[in-house]
Amino acid sequence: MTRAFLVVLDSVGCGGAPDAADFGDAGADTLGHIARACAEGRAEDGRRGPLQLPVLASLGLGQVMAASTGAVLGDTGALRSDAFYGAGEEVSKGKDTPSGHWELAGVPVPWDWHYFPDTNPSFPADLTARICDLAGTDGILGNRHASGTVIIAEEGAAHLRTGWPICYTSADSVFQIAAHEEHFGLDRLLDLCRAAAPILHEMRVGRVIARPFVGTPEDGFTRTANRRDFAVATPAPTLCDWVQRAGRKVHAIGKIKDIFSGQGIDDVVKGPDADLMTALHRALEQAEPGSLTFTNLVEFDSLYGHRRDVSGYARALEWVDAEIGRLLQALPEGDLLLVTADHGNDPTWRGTDHTRERVPILGCLKGQAGRGDLGFRAFADVGVSVAAHLGVPPQGPGRSFL
């Protein structure tokens, strides 16, 4: 039995979503605008010159960009003979991590998420009171839309002084709680988020996220790697469940386990993207026949997209391009490698939030004749295609491109 490796480059959109205007994102284009900035010399921090993605180009990224937006993404080069490529379009009414991943795994979101208004305060008084009761505090800090790094810089000193948790949200359906790992306590923060999650999930808020940080007002505050997401359970079995119920192994790398509330997951590796890539290379060597390795690389989104760091995003893209080249060299014949994304986060766009975009679907069935241009595909086609490759009965609405 051959294996499948599904890699989600978090937020690496390719523009052109047909309904982008409904989200205020008409014209957003994560990859296209980064490439343009590089070509114009506006992304020179830690790198230089045009955006160089030769491996992704060999899988069809240039053709995907041309079809999605009409933009040219540098020299497309020669395609691999075993490559196939297309652009995914989402039907779920969100541009967030759970919506994108669930739909990629065969389960479009059947409801509308709850979003908090961009007001100050942002949260209703009864919700704030319940969070205070759970935290054992007289109040909360924040209570507004904010960037995570900005709000801990603004509220960190008050947090240390009062002991109140910092609660904030964004344009996504999310409730985030930041607290100092030592002064507030990491376990206490995780317990608070765990207790708050059912309340928020009942409101159709997609995720409660623990955002621990360390530091001092004098030296500055830094978020740690101990982030934890408490996501709403999926409304139906996903690709992970399909594979696991067929008696196969599902290995999660990155925040996949949190996104799917632990459902259909056998084991998980967490850490920064460099460590996750090491884990992915290891999985390529060690994963069992018939298994699924499902990876999310989040730093495109968390470190560069939300912070509107074009140079950093470009550096990360060039790094992952080289790493995917190493993966392709080591990929055994018959194994499937799929590289895609869950939404956009155009670092040249207004605000600091996700952008509604198509996503690349780039694949390789090592040693087999490529299927070429897949055209525009539903997100759900990805999960059904992986299931078809593994010989697992699919249960979702997608259509296999294999």
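Above this text sits the structure in question.
Rules of the game
In this convention, every chain numbers its residues from 1, walking through the sequence in written order. With pLDDT at 70 or above as the cut-off, local features in this predicted model cover only qualifying residues; side-chain atom pairs require 80 or more to be listed or tallied, and sums for whole chains, interfaces and linings still use all residues. Derived side-chain values reflect all non-hydrogen atoms in the structure, with water molecules and hydrogen atoms excluded from consideration. Space inside and on the surface of the protein is sampled on a 1 Å grid over the protein atoms alone, with a cavity defined as a set of points where a 1.4 Å probe fits but cannot get out and a pocket as an open set with protein on both sides within 12 Å along at least 5 of 7 lines; lining residues have an atom within 4 Å of a point. Grid points are joined across faces, edges and corners, and a volume is the space filled by probe spheres set on the points. Numbered from the N terminus, helices here are DSSP runs of H or I no shorter than four residues, and strands are runs of E no shorter than two. Here the term charged refers only to Asp, Glu, Lys and Arg, the term nonpolar to Ala, Val, Leu, Ile, Met, Phe, Trp, Tyr, Cys and Pro, and the term polar to all other amino acids, Gly among them. Strand pairing is defined by DSSP finding a minimum of two bridges between the two strands. Between N-to-C directions, angles span 0 to 180 degrees; the directions come from axes that are lines fitted to C-alpha atoms, helices contributing only their stretch in contact.

## Focus: the layout of surface pockets
Line of reasoning, step 1. Here the largest pocket is characterised by a volume of approximately 560 Å³.
Line of reasoning, step 2. Forming the boundary of the largest pocket are 23 residues, of which Thr224, Ala225, Arg227, Gly271 and Val298 lie nearest the centre.
Line of reasoning, step 3. For the lining of the largest pocket, the secondary structure elements donating two or more residues are β6 (207–216), α10 (273–286) and α11 (299–305).
Line of reasoning, step 4. Of the residues assigned to the lining of the largest pocket, the class counts are seven nonpolar, six polar and ten charged.
Line of reasoning, step 5. Of the pockets and cavities examined, the second largest pocket occupies roughly 390 Å³.
Line of reasoning, step 6. Taken together, 28 residues line the second largest pocket, and the ones lying closest to its centre are Ala146, Ser170, Gln176, His306 and Asp353.
Line of reasoning, step 7. Contributing elements (two or more residues each) for the lining of the second largest pocket: α6 (148–162), β4 (166–169), β5 (174–180), β6 and α11.
Line of reasoning, step 8. Counting residues per element, the lining of the second largest pocket draws most heavily on β6, which supplies three residues.
Line of reasoning, step 9. Counted by class, the lining of the second largest pocket contains six nonpolar, twelve polar and ten charged residues.

## Notes on the sheet that holds strand β13 (residues 359–365)
Line of reasoning, step 1. One open sheet holds the eight strands; their spatial order is β10-β9-β11-β1-β12-β13-β2-β14, and the pairing between them is mixed. One side of each edge strand has no neighbouring strand; the edge strands of this open sheet are β10 (267–269) and β14 (372–378). In this sheet, adjacent strand axes meet at a mean angle of 15° when their direction is disregarded.
Line of reasoning, step 2. Bridge count between strand β1 (residues 4–9) and strand β12 (residues 336–340): five bridges; the pairing is parallel. When the bridges of β12 are listed, Val8 appears paired with Thr340.

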